[in-house]
Amino acid sequence: QRIVHDRQTAKEFVENMLKYNLKYNDGAFVKMSYEATQNGDLELLLNLDNECNSLKCPKEIRQASQKLGLRLIKIFKRRDSFSLMEDYEKAIQNRKSNSHYCIVFGMYAALMKIPLREALLGFYYTSVAGMITNAVKLVPLGQLDGQDILFSLYPVMEKVALETIEIDRD
């Protein structure tokens, strides 16, 4: 429909996705899985993962999130071993969990003792960079336009990361 058709509308789209979607969905799941991991609460992690699965209605989005989560596990599994992650992997193998990226990201951030604020900022940065990459290809925009959008959204990412820390499960 050409709603996103130039640099400004691409920036608005990405900013709105960050502030009104990611913060309350995947970002919140990163935060909650981080905290559940700190508490060693596998049952809560499995519940969060299943809740996340329920909220990802389009099959393609759900499957993409699961594949990214499995890839992240494969990457870090080669570097270090964590018993909670091994239990989570068993739950995936037994179809009690779904391996969503945001859950796995939050788990590894906690297991690697990355402060929550920095973990959320990294999560939002990669998400925003991915959306901008798509905008550069699809709108289309120039590479420098994409870099300018990314740079301009950094303060928004910082603010949203801090706001996400305050979000409760309800």
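Each remark here, short or long, concerns the structure printed above.
Presented here is an overview of the structure given in this document. Throughout this document, residue positions are counted from 1 along each chain, in the order its sequence is written. Reporting in this predicted model follows two pLDDT cut-offs: at least 70 for local features of residues, and 80 or more for side-chain atom pairs to be given and counted; totals over whole chains, interfaces and linings ignore these cut-offs and use all residues. For the side-chain quantities, the full set of heavy atoms in the structure was used; hydrogens and water were omitted.

## What about the pattern of salt bridges?
Side-chain pairs of opposite charge can arise whenever the charged atoms involved come near each other.
In step 1: By definition here, a salt bridge exists when the distance from a side-chain nitrogen of Lys or Arg to a carboxyl oxygen of Asp or Glu is within 4 Å. Going through the model one piece at a time under the given rule, you end up with 12 salt bridges.
In step 2: Close ionic contact of E163 with K159 constitutes a salt bridge, the shortest N to O distance being 2.5 Å. In this pair, E163 and K159 both sit in helix α9 (residues 154-165), 4 residues apart, roughly one turn of the helix.
In step 3: Residue class for E163 comes out partly exposed when judged on its relative accessible area of 27%.
In step 4: For K159, a relative accessible area of 52% translates into the label exposed.
In step 5: By sharing partners, the salt bridges in this structure join R7, D145 and D148 into a single network. Labels follow the DSSP assignment, with helices taken as runs of H or I lasting at least four residues and strands as runs of E lasting at least two, numbered in each case from the N terminus. Note on classification: 1.4 Å probe, protein chains only; a residue is buried when its accessible area is under 20% of the maximum for its type, exposed when over 50%, partly exposed between these limits.

## So, the environment of A129
In step 1: With respect to the helices and strands, the residue A129 is situated in helix α7 (residues 116-138).
In step 2: Classification of A129 by relative accessible area gives partly exposed; the value is 22%.
In step 3: With 17 residues separating them in the primary sequence, A129 and G146 have C-alpha atoms 8.6 Å apart.

## Digging into the nonpolar core
A general tendency of soluble globular proteins is for nonpolar side chains to be buried together.
In step 1: Residues belong to a common nonpolar core when they are buried Ala, Val, Leu, Ile, Met, Phe, Trp, Tyr or Cys residues joined through side-chain atoms within 4.5 Å. Counting 53 residues, the largest nonpolar core has M85, Y88, Y124 and V128 as the members making the most contacts within it.
In step 2: In terms of residues, this core owes the most to one element, α7, which gives 11 residues.

## Some remarks on the state of the cysteines
In step 1: By convention in this document, the label disulfide applies to cysteine sulfur atom pairs within 2.5 Å. Enumeration according to the criterion identifies 0 disulfides in this entry.
In step 2: Between C102, a free cysteine, and C52, which holds the nearest cysteine sulfur, the sulfur-to-sulfur gap is 3.6 Å.

## Here's the deal with the packing of aromatic side chains
In step 1: Any two of the Phe, Tyr and Trp rings considered here, Trp counted by its six-membered ring, make a pair once their centres fall within 6.5 Å; the pair's planes then place it as stacked at under 30 degrees, edge-to-face at over 60, or tilted in between. The final tally for this structure, using the stated rule, is 6 aromatic pairs.
In step 2: Taking the centre distance of 5.8 Å and the plane angle of 55° together, the rings of Y101 and F105 count as tilted. Linking Y101 with F105, this pair stays in helix α6 (residues 101-111), spanning 4 residues, or about one helical turn. As far as burial versus exposure is concerned, Y101 and F105 are alike and both buried.

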